[in-house]
Amino acid sequence: MSIGKIVTSEDVKEIGEDGKFNRQQNHFTTPFGNDAGMLPVEAGRYRLLWSAVCPWAHRSVIAIKLLGLEEVISIGQASPVRTANGWEFSLDPNGVDPVLGIRYLPEIYARSDPEYSGRATVPAVVDIKQGKVVNNDYFNLTYYWETVFKPLHKPQAPDLFPEHLREDIRQFNQVLFDELNNGVYKAGFAQSQQAYEDAYHLVFNRLDQLEERLSRSRYLFGDQLTDADIRLYVTLARFDVAYYSVFKTNRNRLTDFPNLWAYARELYQMPAFAESTDFQAIKQGYWLGSHGNNPYDILPLGPDVSIWQTAHQRDKQFQL
């Protein structure tokens, strides 16, 4: 289904003849920065559109909260259940985003580029002055918040992308994306048995490696929280409530990995992670949206997410 040239389902253009899911490329990729041709770094100019179900958008919101950029970049939130017309701002009064005046995300994508024919995705950064999407490059967005927006960070903000680790973090994040962040989608959207099995093994091979890595290290890069931890967390937070069942990645639950599970709880118990993690919205988005193949719209009652508040002991395990 489409609105104008914009499609609202992965099935239209992102499934190959072999049944494999091939995620679309980002369209609005102009970087933020201070050089000619870049998007200017300016407080109050941009609005980040997100949905609590989306891991790519979630990681931008976590970074914004950790860095204290909430007053610099405004945030608009769409419903977690993607409609046939795309992401909808039904959570707002009158069902429209109060700043941009749009009901459905594809409206502002079409306004930004009338020739755009992919999916209208979150996160999307809108230049409020222009009323247009200027960046939907979810892979690089957190890097921009962490680097060129640094002059606007709150005092004592964490350094999530330290210079001496940047190349290592970038390389790690690429593998993490290919094999786990997007790997669960490759399994969930697969339309052939072979495509599903290939993605399934990719996901659990990577989880096994991460389980071992986190037995030796409090965070992915030692004792310092980094951008990589945000990217792993958003997949872990969705694993048992959505991916395990909806995407059929069911060899193990997150809670079956002692180190990954304790690590995920430690992150969740930090305010920036907990405040932006809405397990009910995640369940709704995957089970009641087009992902769920759920014709009667039955929303599972479990799993019990109160266990995310239980003690993790990572601080004691890795005492300096």
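Just so you know, the residues in each chain are numbered from 1, in the order the chain's sequence is written. In keeping with the model being predicted, local features are shown solely for residues with a pLDDT of at least 70 and side-chain atom pairs are shown and tallied solely at 80 or more, while totals for entire chains, interfaces and linings include all residues. Values shown for side chains rest on all heavy atoms present in the structure; no hydrogens or waters enter the calculation.

1. Regarding helix α8 (residues 258-268)
Step number 1: In this scheme, a residue with accessible area under 20% of its type's maximum is buried, one over 50% is exposed, and one in between is partly exposed, where area comes from a 1.4 Å probe on protein chains only. Put simply, DSSP marks the helices as runs of H or I at least four residues long and the strands as runs of E at least two long, and each gets a number from the N terminus on. Among the 11 residues that make up α8, 10 are buried, leaving the element largely enclosed by the rest of the structure.
Step number 2: By the burial criterion, the buried members of α8 are Asn259, Leu260, Trp261, Ala262, Tyr263, Ala264, Arg265, Glu266, Leu267 and Tyr268.
Step number 3: In what follows, residue pairs with any heavy atoms lying within 4.5 Å of each other are defined as contacts. For α8, the elements touching its buried residues are α6 (193-213), α7 (227-246), α9 (271-276), α10 (279-288) and α11 (314-317).

2. So, the pattern of salt bridges
Step number 1: For this document, the term salt bridge refers to a Lys or Arg side-chain nitrogen within 4 Å of an Asp or Glu carboxyl oxygen. Counted under the stated rule, the structure contains 16 salt bridges.
Step number 2: For aspartate 256, the salt bridge goes to arginine 253, with nearest N and O atoms at 2.9 Å.
Step number 3: Accessibility expressed as a relative area gives 35% for aspartate 256, which makes it partly exposed.
Step number 4: On the accessibility criterion, arginine 253 (40% relative accessible area) is partly exposed.
Step number 5: Residues joined in a network through salt bridges with shared partners are Glu10, Glu14, Arg82 and Arg119.

3. A word on the environment of glutamine 191
Step number 1: By the element assignment, glutamine 191 lies in the loop between α5 (183-188) and α6.
Step number 2: Residues glutamine 191 and phenylalanine 21, spaced 170 residues apart in sequence, show a C-alpha to C-alpha distance of 8.0 Å.
Step number 3: Every residue in contact with glutamine 191, bar those within four places of it in the chain, is listed here: Asp11, Ile15 and Gly19.
Step number 4: What qualifies as a polar contact is a pair of N or O atoms within 3.5 Å, subject to a donor-acceptor requirement within protein and to the restriction that residues adjacent in sequence count only when both atoms come from side chains. Side chain to side chain, glutamine 191 and aspartate 11 meet in a polar contact 3.3 Å long.

Function-wise, these values are silent; they only describe arrangement.
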